[in-house]
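Fold and contact review
Listed here are the chains, written in short residue letters.
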Amino acid sequence: GNRLYVDAKVDGWFRAELCDPFGVPIAGFTKGKSSVISGNRVDHELIWEGMSTQHYTYNAVSLRLEYEHAELYNIHWR
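Below you will find a few notes about this structure. (Residues numbered from 1 in each chain as written. Predicted model: local features only at pLDDT ≥ 70, side-chain atom pairs only at ≥ 80, totals over all residues. Heavy atoms only, no water.)

**Focus: the side chain of Ser34**
To keep things clear, this is the line we draw: Starting at the N terminus, helices and strands are each numbered in turn, a helix being any DSSP run of H or I of at least four residues and a strand any DSSP run of E of at least two. Identification of polar contacts relies on pairs of N or O atoms within 3.5 Å, with a donor-acceptor requirement for protein atoms, meaning one able to donate a hydrogen and the other able to accept it, and with residues adjacent in sequence counted only if both atoms are side-chain atoms. In what follows, residue pairs with any heavy atoms lying within 4.5 Å of each other are defined as contacts.
You can see Ser34 is positioned in the loop between strand E1 (4-19) and strand E2 (37-45). Among the polar contacts made by the side chain of Ser34, one reaches the main-chain amide nitrogen of Ala16 at a distance of 3.2 Å. When sequence neighbours within four positions are dropped, the list of residues in contact with Ser34 reads Arg15, Ala16, Ile47 and Trp48.

Dropping the structure here:
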């Protein structure tokens, strides 16, 4: 898959930042550009304004998560 999803119950808010393996944010994939997720779903898609995660599907990346009143169950590419 080339899209990044999370299974989460979010009563507050949830956003993410895509980083290189050393934790440095990748340009365009910062928390400020991340869509804010809320609700209880198994397939919340992580989206950044005008960016595609397709290029990073097979690369080593890390994900920095920021949330309030949320439970994260799974992160997956699809």
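Don't stop here, the text continues.
**Things to note about the pairing of E1**
We count it as follows: Paired strands, as defined in this entry, are two strands with at least two bridges between them according to DSSP.
In the sheet, E1 pairs with strand E3 (residues 62-77) via 14 bridges, with the strands oriented antiparallel. Within the sheet, the bridge partner assigned to Val6 lies in E3 and is Ile75. With 6 bridges joining them, E1 and E2 adopt antiparallel strand pairing. Within E2, the position partnered with Val6 by the bridge is His44.

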